[in-house]
Amino acid sequence: MKQESFSVMECRCRKKRTKREEFLEIMDEIIPWEEWVSLVVPHYPTGKRGRPPMEIETMLRMYLLQCWFSLSDEGVEDAIYDSYAMRKFMGINFFEQDVPDATTLLHFRHLLEEKGIGKLFFDAINRCLERAGRMMRGGSIVDATLISAPSSTKNAEKNGIRRCTR
């Protein structure tokens, strides 16, 4: 059993959870982490040279935070240090490990972009959310939110939809 930090104990006593925390908990539940890690493994450095690579799942989580909240490489690193919800999503305990630095994220992001893996992840997230009856609405770091979005029978039959023409 891992020992909890004081900040974890303190946050458990709060009366309210933030929208960011709720969003990240939902995303943590619906993403098939093992499957996604297996997509990256063939392309990821083995660590035979240089410093040992960070865990793929840790880097994926950091990359997703960056995309969801429109943050720079340095910005997401700072946000993880600053936000309990993001630190919890990352699974980072400062007693045991550090947040990956911005340069490590930059290299990981470039790897995903070169191999076209990032697009696969976001298509998969949208399919998972659609199946769960939710949709993602973009926003700033303050208000990225998941909302329930039941399908409309009107729209499925293309009735009642006006098209804007100019």
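Given the structure is predicted, the values throughout are model-derived calculations rather than measurements. (Residues numbered from 1 in each chain as written. Predicted model: local features only at pLDDT ≥ 70, side-chain atom pairs only at ≥ 80, totals over all residues. Heavy atoms only, no water.)

Draft legend 1. Highlighting the overall build of the chain. Each helix and strand in the chain was counted, giving 9 helices and 2 strands. The secondary structure elements of the chain, listed N-terminal to C-terminal, are α-α-α-α-α-α-α-α-β-β-α. Of all 166 residues assigned to the chain, the portion counted as buried reaches 35%. Look at the contacts in the chain between residues 6 or more apart in sequence, and 63% of them connect residues 24 or more apart. When the accessible surface of the chain is totalled, it reaches about 11,400 Å², and 51% of it is carbon and sulfur. (Helix = DSSP H or I, 4+ residues; strand = E, 2+ residues; numbered from the N terminus. Buried < 20%, exposed > 50% of the residue type's maximum accessible area, 1.4 Å probe, protein only. Contact = heavy atoms within 4.5 Å. Areas by Shrake-Rupley, 256 points an atom, 1.4 Å probe, with all protein chains shown as cover.)

Draft legend 2. Quick peek at the pattern of salt bridges. Under the criterion given, the structure shown has 8 salt bridges. One salt bridge connects Arg61 with Asp28, and the closest N-O pair in it is separated by 2.8 Å. Here Arg61 is found in helix α4 (residues 56-68), whereas its partner Asp28 is found in helix α2 (residues 19-30), with 33 residues between them in sequence. A relative accessible area of 7% means that Arg61 is categorised as buried. A residue is classified by how much of its surface remains accessible, and Asp28, at 31% relative accessible area, is partly exposed. For Arg109, the salt bridge goes to Glu113, with nearest N and O atoms at 3.7 Å. Residue Arg109 and its partner Glu113 are both found in helix α7 (residues 102-115); the two are separated by 4 residues, about one turn of the helix. Relative accessible area serves as the criterion here: at 17%, Arg109 is assigned to the buried category. (Salt bridge = Lys/Arg side-chain N within 4 Å of Asp/Glu carboxyl O.)

Draft legend 3. Representation of helix α3 (residues 33-40) in the model. Among all positions in α3, only Trp33, Trp36, Val37 and Val40 are buried. On an axial view of α3, the arc spanned by its buried residues comes to 100°, and they lie on one face. Taken together, the buried residues of α3 touch α2, α4, α6 (84-90), α7 and α8 (117-131). (Arc of directions from axis to C-beta.)

Draft legend 4. Representation of the nonpolar core. In terms of nonpolar packing, the biggest core is built from 37 residues, with Leu24, Val40, Leu60, Leu65, Trp68 and Ile80 touching the most fellow members. Mapped by element, the contributors of at least two residues to this core are α2, α3, α4, α5 (73-82), α6, α7 and α8. The element contributing the most residues to this core is α4, with 8 residues. Excluding anything up to four places from it in sequence, Leu65 contacts Leu24, Leu71, Val76, Ile80, Met86, Phe89 and Met90. (Core = buried A, V, L, I, M, F, W, Y, C linked by side-chain atoms within 4.5 Å.)

Draft legend 5. View of the layout of surface pockets. Taken as a whole, the largest pocket spans an internal volume of roughly 440 Å³. Forming the boundary of the largest pocket are 19 residues, of which Pro45, Arg51, Pro53, Met54 and Thr104 lie nearest the centre. Tallying contributions element by element places α7 first for the lining of the largest pocket, with 5 residues. Residue classes in the lining of the largest pocket are distributed as 10 nonpolar, 5 polar and 4 charged. (1 Å grid on protein atoms, 1.4 Å probe; cavity = no way out; pocket = protein on both sides within 12 Å on 5 of 7 lines; lining within 4 Å. Points joined across faces, edges and corners; volume = space filled by probe spheres on them. Nonpolar A, V, L, I, M, F, W, Y, C, P; charged D, E, K, R; others polar.)

Draft legend 6. Just the packing of α4 against α5, in detail. Contact pair α4 / α5: the axes reach a minimum separation of 10 Å and the direction vectors enclose 110°. If you check the angle between α4 and α5, you find them roughly perpendicular. Residue-level inspection shows Met62, Leu65 and Gln66 of α4 in contact with α5, the latter providing Asp73, Val76, Glu77 and Ile80. Residues belonging to the contact of α4 with α5 are distributed by class as follows: 4 nonpolar, 1 polar and 2 charged. (Axes fitted to C-alpha atoms, helices over the stretch in contact; angles between N-to-C directions. Parallel < 35°, antiparallel > 145°, perpendicular 65-115°, else oblique.)

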